[in-house]
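Examination of the molecular architecture
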Amino acid sequence: MIKLLVFDWGDTIMRDFGLPGPMSAWPHVAWIEGAETALRTLSRKYTCAIATSADHSDVDEMKAALCRVGAERYFHLFYSQKELGYKKPDVRFFTSVLSLSGFFAAESAMIGNLYDKDIIGAKTAGMTTCWFNENGIQDNYPLADHMISHMEQLLTIFQT
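Residue indices follow the written sequence of each chain, beginning from 1 at its first position. For this predicted model, a pLDDT threshold of at least 70 governs which residues receive local features, and a threshold of 80 or more governs which side-chain atom pairs are given and counted, while totals over whole chains, interfaces and linings are taken from all residues. Water and hydrogen atoms were dropped before computing side-chain values, which therefore reflect all heavy atoms in the structure.

Right, let's get into the nonpolar core. By size, the foremost hydrophobic cluster in this structure holds 35 residues, and its most contacted members are Leu-5, Phe-7, Ile-13, Leu-66, Phe-75 and Met-151. Residue contacts for Ile-13: discarding those within four places in its chain leaves Phe-7, Asp-8, Ala-30, Trp-31, Ile-32, Ala-35, Leu-39, Ile-50, Leu-66, Phe-75 and Met-151. We call a set of buried Ala, Val, Leu, Ile, Met, Phe, Trp, Tyr and Cys residues a nonpolar core when their side-chain atoms join them within 4.5 Å. Note on classification: 1.4 Å probe, protein chains only; a residue is buried when its accessible area is under 20% of the maximum for its type, exposed when over 50%, partly exposed between these limits. Listed in part, the 16 residues of the second largest apolar core include Ala-51, Tyr-79, Val-97 and Met-127. Only heavy atoms matter for contacts: two residues are in contact if any of them lie within 4.5 Å across the pair.

Here it is, written out as structure tokens:
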């Protein structure tokens, strides 16, 4: 049974506009469409974590960016490659998140927009995976247990 939902940050929860420096300092930030609706419901039933490999942001900078759209309130745990010492898709990134969270891989799911970084690494760590394929890329993605094109589809996968 899934108890922990681990979300990627950029282009999964908040739009990555590709600007220089930490997202918390960008002139404009925005939710991914449907992410707030999904998190509002999911965060009541699941422990929700956010885990990023962003080069320019540590946990405090990530929280500051999340606060700009009101997203921080939906997350119970926050992880950054700067604190973990590993970047996705390194399996140690995911096993560190699991260890620090206190959950087993079998009771955890990773939701992310990059198949090569989010899905392959999480599946290697033994997690359930949900690929946020916003652009509807068609091909064979065997390590994605679930594939969604809109964040609100999470409400069907992780029924509340």
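The rest of the description comes next.
As a further point, take helix α4 (residues 91-101). Labels follow the DSSP assignment, with helices taken as runs of H or I lasting at least four residues and strands as runs of E lasting at least two, numbered in each case from the N terminus. Regarding α4, the residues found buried are Phe-93, Phe-94, Ser-96, Val-97, Leu-98 and Ser-101. Packed against the buried residues of α4 are β1 (4-7), β2 (47-52), β3 (77-80), α3 (81-84), β4 (108-112) and α5 (115-124). Immediately downstream of α4, the backbone of Gly-102 shows phi near 85°, a positive value.

What follows deals with the side chain of Thr-129. Within the secondary structure, Thr-129 is located in strand β5 (residues 128-132). Relative accessible area serves as the criterion here: at 0%, Thr-129 is assigned to the buried category. Any pair of nitrogen or oxygen atoms within 3.5 Å is treated as a polar contact; in protein, a donor-acceptor pairing is required on top of that, and neighbouring residues in sequence qualify only through side-chain atoms on both sides. A distance of 2.5 Å separates a polar atom in the side chain of Thr-129 from the backbone oxygen of Leu-143. For Thr-129, the contacting residues outside a window of four places in its chain are Met-110, Ile-119, Ala-122, Lys-123, Leu-143, Ala-144, Asp-145 and His-146.

In the sections that follow, a salt bridge refers to a side-chain nitrogen of Lys or Arg positioned within 4 Å of a carboxyl oxygen of Asp or Glu. As enumerated under the stated definition, the model contains 10 salt bridges in all. Two residues, Asp-8 and Lys-88, come together in a salt bridge whose shortest N-O distance is 2.6 Å. Taken as a pair, Asp-8 in the loop between β1 and α1 (35-45) and Lys-88 in the loop between α3 and α4 lie far apart in primary sequence, 80 residues in all. Assigned by exposure class, Asp-8 and Lys-88 land together as buried. We note a salt bridge from Arg-92 to Asp-90, for which the minimum N-O separation is 2.6 Å. Classification of Arg-92 by relative accessible area gives partly exposed; the value is 43%. Take Asp-90: its relative accessible area is 23%, and that puts it in the partly exposed class. Look at the salt bridges and you will find they share partners, linking Asp-8, Lys-88 and Asp-118 into a network.

For two strands to count as paired, DSSP must find a minimum of two bridges between them. Spatial strand order, β3-β2-β1-β4-β5-β6: 6 strands in an open sheet with parallel pairing. Single-partner strands in this sheet number two, and they are β3 and β6 (146-148). The sheet shows a mean angle of 20° between the axes of neighbouring strands, taken without regard to direction. Across 4 bridges, β1 lies against β2 in parallel orientation. Across the sheet, the residue bridging to Phe-7 is Ile-50, located in β2. Working convention: axes come from line fits to C-alpha atoms, limited for helices to the stretch in contact. Angles between N-to-C directions cover 0 to 180 degrees.

What follows is about the pairing of β5. With 4 of its 5 residues buried, β5 lies for the most part within the structure. In this sheet, β5 lies alongside β4 in parallel orientation, the contact comprising 4 bridges. Within β5, the residue paired with Gly-112 across the bridge is Trp-131. Viewed with both strands pointing away, a crossover whose connecting path from the first strand over the helix to the second turns clockwise is right-handed. After leaving β4, the chain enters α5 and then returns to the sheet as β5, a path that is right-handed. Where β5 meets β6, 3 bridges bridge the pair, whose relative direction is parallel. Each residue of the ladder has a partner; that of Phe-132, found in β6, is Ile-148.

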